[in-house]
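Structural characterization, general
This is what each chain is made of:
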Amino acid sequence: MGRYILKRFLEGIVTLWLITLAVFFVLRLGGGNPVEYMLPPEATQADVAALTKAYGFDKPLIEQYYIFNKNLLQGDLGTALAWDKRPTVEVVWQRVPATLQLTTASMVLAVVIGVVIGAISASRPDSLFDKVGKVSAIIGQSMPVFWVGLLLILIFSVYLNWLPSAGGVDRLGWKGIIMPATSLGFFLIASHMRIVRSTMLEVMESDYIKLVRAKGLPTRMVIWKHAFKNASIPVFTLFFVNFAALVSGAVVTETIFSWPGIGRLLVDSLILRDYPTTQTVILFASAFIVFINILVDVMYAWLDPRIRVS
Amino acid sequence: MFSLVFLTIALICALFAPIIAPHSPIETNPTNILKPPSITSGNLLGTDNQGRDLLSRLIYGAQTSVMIGVLSVLLAATVGTVIGLVSGVYRGWVDRILMRVTDGFLALPYLMVALTAVALLGSSVINVILVIGLLRWMGFARVLRGEVLKLIEMDFVRLALASGASRTRIMITHVFPNITNTLLVLATLEIGLAVIVEASLSFLGLGVPRPMPSWGSMLRDSQLYIYLTWWFPIIPGIAITLLVMSANLTGDWLRDRLDPTRRQL
């Protein structure tokens, strides 16, 4: 087990290193001199030259890459152009808790609602409840995150005036997280419902469920105590697979609801042309996804010994 | 059924937008802004904040969505197929490197990267297609590689190998024709996602350049007027949802249709 964890961990580091390589070259080769992107169009030639020198963009690419890696190892990802010229790592780190609050809340919401509806649907296949659930899941999976957000604002802020449409938890308390978390977790509710329903139906057909049913156990016990346990493995996979999608979705959700997380920071940094901050946000988000992936693999290996060997 | 009908409608809108649309999608009319939908006024679905006819923008928006959706998926499918095929047929260190690269791409927060890339390259239809296509090929590569690995163990491929066919030949004439069904299903399902990504980019102001109509940028405009108009934020959203849903349902249907073992389920 220890060896497996180490192996996955090393692979994760290689993946992350590949990402830093990609970010480094794409930002330099794709956009020409990054300084021209960072400065407003009316900047003078002297400004461009000064900033180019300050960021070391005039040095050969290999040397730049060496410095980039050296700084990276020391946890230095440059200083922001906006945000009081603080180190970008500090600026991004400050925004991480808000994004974690939002993603965790929407995950919890999606799992709880998705699992409950999915399990009830599976226990009464082809009932009205099941049919309504199925149709809503199909629609739910097709709605873009930002439209769900707009609809929620339209209903709960504009018409009912129940919930605030902007701000973070610090300013608004728990009321502020309801709409952002729902809009971000909406498509996940649908996918959890579908996967729970289909795996539960599969499990319900298995011999051991037939046995406990034959023993005369009440249906509710059969579902929650026996079937659900075995149906929870795919749910678990889905949970983590979706984290990457959530981090992406957070960009849109945080923008609509003025949520002070890293998604909004990214959009702001793009508007302000703060290239070092953009780079750090992307590296942070990638590192987070890589870490989650390793966690999933290790937990899998722990649950299922066959994976460890292959 | 429903999904095919809607896909056809979207396709017709996309192809014949100039004929179908009752008004110009970009012509503004300051005296006729934020009008609610009505049958009598000539603006069936109302007008936006600049007095542009929403129905016309919706029809032209279908053009944008369908074009970007299809072309970016075509690009993603091409890249993904080549990587999946090469990985599965050649195996060894080629496979290891390609799969590592695939993992790297999978670990990218794609919307963040897409936004940044479009911001750096400048927003244009071509750039949006390139960015979406080059960030979404990993699914194709992963799934197709799995299929190839299964196929390569089969007798007809072994026979071809034994009779001296080169790996490239096997890849093109023996393996590829057998993965086209999977490819088609994946591509259909991926179109829905590409449409959502394009709409998200446009919603954030970094998709197709203005004043070109896109459902995403229509929703972006509507956000400012959400306290005044209920129809403005609702109408483009319905269009996106229907298009994505149709693509998803068609993909599911194709999968069941092309794979006899799933037909009973």
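Residues numbered from 1 in each chain as written. Chains lettered and ligands numbered in written order. Predicted model: local features only at pLDDT ≥ 70, side-chain atom pairs only at ≥ 80, totals over all residues. Heavy atoms only, no water.

Right, let's get into the overall build of chain A. For chain A, the count of helices and strands is 14 helices and zero strands. For chain A, the sequential pattern of α-helices and β-strands runs α-α-α-α-α-α-α-α-α-α-α-α-α-α. Here chain A holds 310 residues, and 46% of them are scored as buried. Excluding contacts between residues fewer than 6 apart, the proportion of contacts in chain A whose partners are at least 24 apart in sequence is 72%. For chain A, the accessible area works out to roughly 15500 Å², and carbon and sulfur atoms hold 67% of it. (Helix = DSSP H or I, 4+ residues; strand = E, 2+ residues; numbered from the N terminus. Buried < 20%, exposed > 50% of the residue type's maximum accessible area, 1.4 Å probe, protein only. Contact = heavy atoms within 4.5 Å. Areas by Shrake-Rupley, 256 points an atom, 1.4 Å probe, with all protein chains shown as cover.)

Before going further, it helps to examine the overall build of chain B. Helix and strand counts for chain B stand at ten helices and zero strands. Order of helices (α) and strands (β) in chain B, N terminus to C terminus: α-α-α-α-α-α-α-α-α-α. Projecting the C-alpha coordinates of chain B onto the three principal axes gives extents of approximately 75 × 45 × 30 Å. The burial tally for chain B puts 52% of its 265 residues in the buried class. By sequence separation, contacts in chain B at least 24 residues apart represent 72% of the contacts at least 6 residues apart. Approximately 12000 Å² of chain B is accessible, and the part contributed by carbon and sulfur atoms is 68%. For chain B, the distance from the average site of its 19 positive side-chain charges to the average site of its 14 negative ones is 6 Å. (Lys, Arg positive; Asp, Glu negative; His and termini not counted. Charge placed at Lys NZ, Arg CZ, Asp CG, Glu CD.)

Summed over all chains, the structure comprises 15 salt bridges over all chains. Within the structure, one salt-bridge network assembled from shared partners comprises K7, R8 and E11 of chain A together with R100, D103 and R142 of chain B. (Salt bridge = Lys/Arg side-chain N within 4 Å of Asp/Glu carboxyl O.)

Close reading of the predicted structure is inappropriate where its pLDDT is low. Residue and element names in this part refer to chain B. Confidence in the prediction for chain B averages 84 pLDDT; 96% of positions are at 70 or higher. In the model of chain B, helix α1 (residues 2-20) stands out as the element of lowest mean pLDDT, 78, in contrast to helix α5 (residues 125-135), which has the highest, 91. In the predicted complex, the global pTM is 0.84; the interface-specific ipTM is 0.83. (pLDDT = per-residue confidence, 0-100.)

Relative to the assigned elements, S87 of chain B resides in helix α2 (residues 54-90). Ignoring any residue separated from it by four or fewer positions in sequence, one finds S87 of chain B in contact with D95, L98, M99 and R145 of chain B.

Moving on to unusual backbone geometry. Even without being a glycine, R273 of chain A presents a positive backbone phi close to 55 degrees. Tracing the chain through its elements places R273 of chain A in the loop between α12 (262-271) and α13 (275-303). Given the relative accessible area of 32%, R273 of chain A is considered partly exposed. If you check the backbone angles, R91 of chain B has positive phi at about 50 degrees while not being a glycine. Mapped onto the elements, R91 of chain B comes out in the loop between α2 and α3 (92-106).

Contact residues are listed per partner, giving 43 residues for chain A and 41 residues for chain B. Between chain A and chain B the total buried area reaches about 3500 Å² when both faces are included, carbon and sulfur atoms providing 79% of it. A per-residue breakdown of the area chain A buries against chain B is headed by F146, W147 and L150 of chain A, which together make up 18% of the total. Taken together, the connections running from chain A to chain B amount to two salt bridges. Across the salt bridge formed by E11 of chain A and R100 of chain B, the nearest N and O atoms sit 3.9 Å from each other. Viewed at the interface, chain B and chain A are joined by one residue pair in polar contact (both at pLDDT 80 or more). Elements that contribute at least two residues to the side of chain A that touches chain B include exactly α1 (2-30), α6 (128-142), α7 (145-159), α11 (219-256), α12 and α13 of chain A. Here the side of chain A that touches chain B is built from residues that sort into 30 nonpolar, eleven polar and two charged. (Buried area = accessible area lost by both parts, 1.4 Å probe. Polar contact = N/O pair within 3.5 Å; in protein donor to acceptor, adjacent residues only side chain to side chain. Nonpolar A, V, L, I, M, F, W, Y, C, P; charged D, E, K, R; others polar.)

Residues and elements named next belong to chain B. Spanning twelve residues, helix α4 (residues 110-121) covers 16 Å between terminal C-alpha atoms, matching the ideal 16 Å at 1.5 Å per step. With eleven of its twelve residues buried, α4 lies for the most part within the structure. Regarding α4, the residues found buried are Y110, L111, M112, V113, A114, L115, T116, A117, V118, A119 and L120. Phi turns positive one or two residues past the end of α4, at G122, with a value near 95 degrees. (Expected span 1.5 Å × (residues − 1).)

On to the packing of aromatic side chains. A full pass over the atoms with the stated rule returns four aromatic pairs over all chains. Considering the side-chain rings of Y65 of chain A and F68 of chain A, the 6.2 Å spacing of their centres and the 20 degrees angle between planes classify their relative orientation as stacked. In this pair, Y65 of chain A and F68 of chain A both sit in helix α4 (residues 61-73), three residues apart, roughly one turn of the helix. R136 of chain B extends its terminal NZ or CZ atom over the ring of Y110 of chain B, reaching a point 4.5 Å from the ring centre. (Phe/Tyr/Trp six-rings, centres within 6.5 Å; stacked < 30°, edge-to-face > 60°. Lys NZ or Arg CZ within 6 Å of the ring centre and 35° of its normal.)

All names here are of chain A. Here the second largest pocket defines a volume of roughly 690 Å³. Taken together, 25 residues form the lining of the second largest pocket, with L16, L283, F284, A287 and F288 sitting closest to its centre. At the level of elements, α1, α4, α5 (88-123) and α13 are the ones that each hand at least two residues to the lining of the second largest pocket. In terms of residue count, α13 provides more of the lining of the second largest pocket than any other element does, eight residues in total. Here the lining of the second largest pocket is composed, by residue class, of 20 nonpolar, five polar and no charged. (1 Å grid on protein atoms, 1.4 Å probe; cavity = no way out; pocket = protein on both sides within 12 Å on 5 of 7 lines; lining within 4 Å. Points joined across faces, edges and corners; volume = space filled by probe spheres on them.)

Residue and element names in this part refer to chain B. In the contact formed by α1 and helix α10 (residues 231-258), the axes pass within 8 Å of each other and the chain directions differ by 125 degrees. When the axes of α1 and α10 are compared, the pair comes out oblique. In the packing of α1 onto α10, the handedness of the crossing is left-handed. Across the interface between the two elements, F2, S3, L4, F6, L7 and A10 from α1 touch A239, L242, L243, M245, S246, A247, L249 and T250 from α10. Class assignment for the residues of the contact of α1 with α10 results in eleven nonpolar, three polar and no charged. (Axes fitted to C-alpha atoms, helices over the stretch in contact; angles between N-to-C directions. Parallel < 35°, antiparallel > 145°, perpendicular 65-115°, else oblique. Left-handed = near helix turned anticlockwise from the far one by under 90°.)

Let us now look at a nonpolar patch on the surface. Together, L11, I12, L15, F16, I19 and I20 of chain B make up an exposed nonpolar region whose accessible area comes to about 590 Å². By the secondary structure assignment, F16 of chain B is in helix α1. (Patch = residues over 30% accessible without salt bridge, like charges linked within 9 Å, V, L, I, M, F, W, Y side chains within 5 Å.)

To continue, consider α3 of chain B. Taking 1.5 Å of rise per residue, 15 residues should cover 21 Å, and α3 of chain B covers 21 Å from first to last C-alpha, within 8% of that figure. Listed as buried for α3 of chain B are D95, M99, R100, T102 and G104 of chain B.

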